[in-house]
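Architecture at a glance
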Amino acid sequence: MNTATMPGPTPPLHSLRPLRRRHFNRLFAAVYASAILSLFYHHILKLLHSTTLVSFFMSFLLFISDVVLAYMWSTTQASHMNPVHRQVFPENLQKVLDRKDFPAMDIFICTADPYKEPPINVVNTALSVMAYDYPTEKLSVYVSDDGGSELTMFAFMEAAKFGKQWVPFCRENDITDRCPNAFFTSNYALNPKTMEIKMMYESMKTKVEGAVERGKVNDEYISSEDERQILTQYRTKDFTRQNHPSVIQVLLNSKRDVDNRGRAMPNLIYVSREKSKSTPHHFKAGALNVLYKRLYRTHLIGMDGLNGPSYVGTGCFFLRRVFFGAPSSYIEPETPELAPDHIVNKPINSREVLSLAQHVAGCNYENRTNWGSKMGFRYGSLVEDYYTGYRLQCEGWQSIFCDPSRPAFLGSVPISFNDALNQNKRWYVGLLEMGFCRYSPLTFGIRAMGILMAQSYAYYAFSAIWSLPITVYAFLPSLALLQGIPIFPKVYEPWFYLYAFMFLAAYGQDCLDFILGQSTFQRWWSDQRMWLIRALSPFVFGTIEFVMKRLGLPTHEFVVTSKVMDAELSRRYDQGMFEFGVPSPMFVPLATAAILNLIAFLGGFVCLFEKKLW
C-alpha cells in the first residue's frame, strides 16, 4: 500500500495582532469629542456676552484657534482606532523560498552635496547594503549623485575596491553591524583579520575625507588610467553643479567582478542625471525615477491597522509593479525596457544598456510622458516620499509596517538647531502643497481610501496649521494678563473643570503613547518642548513660504540639509543639547514669545503680591 506525506503548513513571514488599547482609544475619542463640543458651546456663550470690542476679538481668536486644534486632534485619533503589532520572522524566508529564487532587488541611495552629505557617510550606507545577507548576484546598488561631484565619484571608486574585502568579511564572520563605521566603533573582536580590514577602511576613509577637505582628488590617489579617465570628465568647464551632462558609471558588475573569495559582487552603479538651469530637476523624486521618527512608534503602527503605513522616504521596499499604475490598470511605459517585468539579457555595462540609461537620465526625457504624474515617484511636492506613498495607496496598493526589535535601518539627522528647523520648514511647505492640491486628503483621499486613512494623511498634510492656534495661545493670554482682561474661567467656576480635563487628558494620552512606544517620560517631555518650538518657527515660516509660493512671490530655493557630524557638536547632541548655530530669523518668534511670557509672568506675580499686601 502506497502512502503519501502531506506537506506541512507554510511557515509565516509575519503575523498581525490588534492591540488591546484600541478599545480604550475609541472610548477616549468619544468622551473627548463630547468635551470639545462643550468647549465650543462655552466659546459661543462668551462671544454672545462680550461687552467690549477687545473682549469679543480675543474670544473670537480663541474660538477659531480651538476649532483648528479640534480638527487637528481628530486627525491624530484616526491612527488610534486600530493599532496593531506585526511580528516578523525573517528566519522563515528560506523555508518559504530557495535563495536562488529570491527576487532581484535594487537599492537606491540619493545624495546631492559632498560638503553637506559627506561622501564617507554615503559610502558607509552603500557598503552596508552591499553586505546584505542576500544573494549578491541578485543585488544592485545605485548611487544617485545630483551634485555631480568628482568627490562622490572618487569615494565610490574607493568603496568598490574596499567592498571586495568587506562583503566576504561580513559573510564569513556573521557580522551584525554591516556598516563599517558602526562596526569599527563597537566592541568588535580583536584579531589579525579584523585589524587588517580596519586598516583598509581607515586608509579609504583618509583618502575620501582628505579629498573633500581639499576640494579635489589628488593624482597620487588615482591608481589606474581608467580611474583617471572617469574623473577627468568632472574637471571640464561644462561640468558644474547647476549644469552638467548625465554620467553613468558601472563600478561593479556582478557578472564580472568577484570578491577576494571568488564570489560575485553586487552591481554598483553611479548615476548623475543631466542637469540644466532651464529644465525642472524634481530633486530627489526625479533621482528616484531615474533609478528606480513619534512617527514610527505611534502613527505608523496605527496606520498599519487600517490600510498600511505611509512612505517616509527611507527603509522601504517596493514591488516594481506599483510604479506602473493601479493594481487593476497597468500603465505601459513608453520605453519597453523600463517595464517592471523586463529581463535584461545583456551585460549592464554593454553599449546598448548604457546608451539607454544615458537617454533616460537626460533632463528632457520625462517631457510629455507619464513619469512623475501617473508612473514612478510623483512630482508636485517637496515631500516626494509622503506624496508618492499617498498616491499609491489612493490607487489601491497596500503597505505593511515591519518593525523588528533590532532596527533594520539607522540614519542621520541634523544636530544643529538651525539645520533642524530649516529642514522642518521645507517639509511643511511640501506638506501644505499636498494638502491644498487636487489630490488633497480632505477630498480626493476620502473618496479613494475612506475617512480614517484620509485623516491619517491629513495629520501630515495640515500639520503646519498648528502654527495658528499655538501662536495665538503663545501671545494672547500674556497680553490679556498684562491688560487685566480675563479670558479663561476662574478656578471656582464649573467651566474650569472642562479646561482642566481637556488639558490633562490630551497630554496624558500623548505621554501614554510615548511610553507604550518603548520610550521614556523624559523623551516625551523633550518632544513636547520641540513640538512647541516647531509650531512657533518652522510651522510659521513654512506656512508663510507656502502662501508666498501660491501668490507667485519669490521664495527660498531648495537647500540640502547638512549632515556633517562635527565631533564637539555631536558630543553635545548625545548629551541632549542642541547647538543653535548661526543667527537666524527662525529664532525671532521663539525669542519674542519667551520674553513676552516672562514679562507677563512677572507682571502677574507682582499684581498678585500687591493684592495680598493690600
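Residues numbered from 1 in each chain as written. Predicted model: local features only at pLDDT ≥ 70, side-chain atom pairs only at ≥ 80, totals over all residues. Heavy atoms only, no water.

Side note on the overall build of the protein
Our working definition: The helix and strand labels rest on DSSP assignments: H or I over at least four residues marks a helix, E over at least two residues marks a strand, and numbering proceeds from the N terminus. Buried residues are those whose accessible area, probed at 1.4 Å on protein chains only, stays under 20% of the maximum for their type, while exposed residues exceed 50% and partly exposed ones sit between those limits. For every accessible area listed, the method is Shrake-Rupley and the probe measures 1.4 Å; residues are considered covered only by the protein chains on display.
Secondary structure assignment for the protein yields 21 helices and 8 strands. Across the 614 residues of the protein, 46% fall into the buried class. Accessible surface, the protein: about 33000 Å² in total, of which carbon and sulfur atoms supply 61%.

A word on the UniProt feature "binding site: UDP-alpha-D-glucose" (unreviewed entry) in the protein
Convention followed: UniProt positions are given in the numbering used here, feature names are shortened, and annotations may be inferred rather than shown by experiment. Polar contacts, as used here, are pairs of N or O atoms within 3.5 Å; protein pairs need one atom able to donate a hydrogen and one able to accept it. Residues neighboring in sequence count only if both atoms are side-chain atoms.
The sites that carry the UniProt feature "binding site: UDP-alpha-D-glucose" (unreviewed entry) are, in the present numbering, K116, E117 and D146. On the basis of their most widely separated C-alpha atoms, the annotated residues across 31 residues gather in one place, lying no more than 12.7 Å apart. Looking at where E117 falls in the secondary structure, it is placed in the loop between β3 (105-111) and α4 (119-130). Of the polar contacts made by the side chain of E117, one reaches the side chain of T111; its length is 3.0 Å. Relative to the assigned elements, D146 resides in the loop between β4 (139-145) and α5 (150-172).

Examining the side chain of T194
What counts here: Contacts between residues were defined by any pair of non-hydrogen atoms, one from each residue, lying within 4.5 Å.
Among the structural elements, T194 can be located in helix α7 (residues 192-214). Contacts of T194, omitting those with residues within four sequence positions, involve F169, F183, F184, Y188 and A189.

Details of the nonpolar core
Filter applied, for reference: By nonpolar core we mean a set of buried residues, namely Ala, Val, Leu, Ile, Met, Phe, Trp, Tyr and Cys, connected to one another through side-chain atoms within 4.5 Å.
Among the nonpolar cores identified, the biggest contains 50 residues, and F156, W166 and L268 are the most heavily contacted of them. Per element, the largest residue contribution to this core is 13 residues, and it comes from α5. The residues touching W166, leaving out its near neighbours within four places in the chain, are L127, A131, D177, R178, C179, P180, F183, F184 and I197. If you look at the next biggest cluster of nonpolar residues, it comprises 42 residues, including F546, M586, F587 and L590.

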